[in-house]
Each structure stands twice: as C-alpha cells, then as structure tokens.
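An overview of the molecular structure
Here is what each chain is made of, one letter per residue.
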Amino acid sequence: MIEASRAVTFADSKNRFSNRVADYLRYRPRYPAEVLDLMRMQCLLSPKHAIADIGSGTGFLAELFLKNGNAVFGVEPNQEMREAGEEYLAAYPRFTSIDGSAEATTLGDSSVSFVTAGQAFHWFEPQATHREFLRILRPHGWVAVVWNDRSTAESGFAHAYEDLLQRFGTDYSRVKDSYPRQEDILAFFGHDEFITRELPNHQIFDLEGLRGRLRSSSYAPAEGHPNFAPMIANLDHLFSAHQHDDRVRMDFSTWIYLGQLNPGGQLS
C-alpha cells in the first residue's frame, strides 16, 4: 500500500491533465506490442476477451487491445482526456468510452476477463480500486499494470532532464514518489505470485517535440507560471548540449505486472 507520505491527492488527480491533453496525445510514449505477446503467453489472452482499461486517458493502452480484436471499455474520469480518447479511437467500433473511475467504474459485476491500467495506476486509491477490480472481473480474471518508466541515468541527457524536473517542477518529487514500486504492486495483488517483465522503449524528439513532452507532464509549470519561461529556456539549452542531428533520445523501461487479485484483499 502507498505510504501516506508518498500519497498523492486522489481527487485532484482526476483533473491534473485537463489543460495538457493535446501535448499528452502528441508527445507521450506508446506501449510496445510485446505487451500483447507476453499476455498471450502468460494469460492466454485472445480476441474473445473483454477488457476494462482503467484510467484510459487518450487511449494508448486501449489501442493495443483494440488492434488485437478485443472489446475494450475505456474508463476515464477526466472529461477532456476522455473526449480525446474517444476521438483518437473513433475508428475502433469495439471501443466503449465510460465516464467512471478506478474506484467506481460503473461496469457490471463479472463483466470483463482482464482489467488493465497504464500510466494512471499511481493515481488510484488502492483499497477501493482493489475491491472494484474484484467486482468487475470474471472468475480467474487477470489484472495487467503497464508502466512506462523514464530512465534517469542512462545518458547525460537523461541526467540533465531529470535535474531540470527537480529544479522547475511544481510538485515533481511528490508525484515521482507516488509511482508504483514493487512493494506497492505486491500489496495491491495481495500475494507475490504475479509476473513482472521489463521491456525497452524510447522516443526520439526534435526541439519542439521535447518541449511538448515536457509540457504534457502534470508537474511542469504551465504557460503563465513564473517558472515556465526559465524552464523552457533551460530545456532549450539542454537540447542544444545533447542533440545529435537535431534530435535527442529519451529512454524508458516499460514495466508489466500481470496477476490475479487475492479475493481476501490487499496485503497491509
């Protein structure tokens, strides 16, 4: 369970990205197709399975499963993010957009075979979410938490970008401290028999793309904030110092946690 000192404000989390949707949609990393390969092998995922993607946002994780032929219920509490996801996934007839949250999805009892969660997982209230996932999952259903974790020490660029966030982020340390750790996943599943995998992932940015990637972060000062202009000036200097052929590479690890929930509840 996330410690009180590390906890974010769950109510606030549902509105943090309202003014960042366009940048989020354009500049955030997607999830590698190897996620599907792992789930087919470990969980026998097939197109017949219905999936609830919780905190579905702009639809990046949902899109993986829609391409696989699955019916996906995208549950998203933030109106702007939900509407962006509806537009992004408009070509997929098996996508259903739902105004709901991890703690209250509005889905029926035993209605899905898989529950998935991407970057939104650390915004969920753990105990209420655990109960809700158990309620909507069919017997022997699976939970998949998929997380893009930006590397902070793989290169001089990665180190400098991390330093910039520490210097200018409005609440970067608090948000970073809320990111799920192995013990949080253990507590959420309620046992240690879940599957963990790490996949390499990356993005390549020109200067405008790197600016957009930074603006998409909920902890980055928005335009008009006193720190916005100096933050962008420092970012431009960082890009100039580390670019090759007018591009920089941002590396990630895509972490995947697959398991079945303990019906007795979370570990304390």
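Rules and cut-offs
Residues numbered from 1 in each chain as written. Predicted model: local features only at pLDDT ≥ 70, side-chain atom pairs only at ≥ 80, totals over all residues. Heavy atoms only, no water. Helix = DSSP H or I, 4+ residues; strand = E, 2+ residues; numbered from the N terminus. Rg over C-alpha atoms; globule rule 2.2 N^0.38 Å. Buried < 20%, exposed > 50% of the residue type's maximum accessible area, 1.4 Å probe, protein only. Areas by Shrake-Rupley, 256 points an atom, 1.4 Å probe, with all protein chains shown as cover. Lys, Arg positive; Asp, Glu negative; His and termini not counted. Charge placed at Lys NZ, Arg CZ, Asp CG, Glu CD. Pairing = 2+ DSSP bridges. Axes fitted to C-alpha atoms, helices over the stretch in contact; angles between N-to-C directions. Contact = heavy atoms within 4.5 Å.

Thoughts on the overall build of the protein chain
A tally of regular secondary structure across the protein chain gives 11 helices and seven strands. Taken over the C-alpha trace, the protein chain has a radius of gyration of 18 Å; the compact-globule value for 268 residues is 18 Å, and the two agree within 12%. Expressed as lengths along the three principal axes of its C-alpha atoms, the size of the protein chain is roughly 55 × 40 × 30 Å. Counting across all 268 residues of the protein chain, residues that qualify as buried make up 54%. Accessible surface, the protein chain as shown: approximately 12,100 Å² in total, 49% of it carbon and sulfur. The positive charge centre, built from 26 side chains, and the negative charge centre, built from 35, are 2 Å apart in the protein chain.

Some thoughts on the sheet that holds strand β5 (residues 137–150)
Pairing is mixed across the open sheet formed by seven strands, whose spatial order is β3-β2-β1-β4-β5-β7-β6. For this open sheet the edge positions go to β3 (95–98) and β6 (195–205), each flanked by a neighbour on one side alone. Geometrically, the sheet is characterised by an average inter-axis angle of 20 degrees between neighbouring strands, direction not taken into account. Bridging between strand β2 (residues 71–75) and β3 involves four bridges; their strand directions are parallel. Across the sheet, the residue bridging to valine 72 is phenylalanine 95, located in β3. Along the sheet, helix α3 (residues 34–43) makes contact with β4 (112–117), β5, β6 and β7 (248–259), crossing β7 at roughly 15 degrees. Most of the contacts of helix α6 (residues 126–136) go to β5, to which it runs at about 135 degrees, and overall it touches β1 (50–54), β4 and β5.

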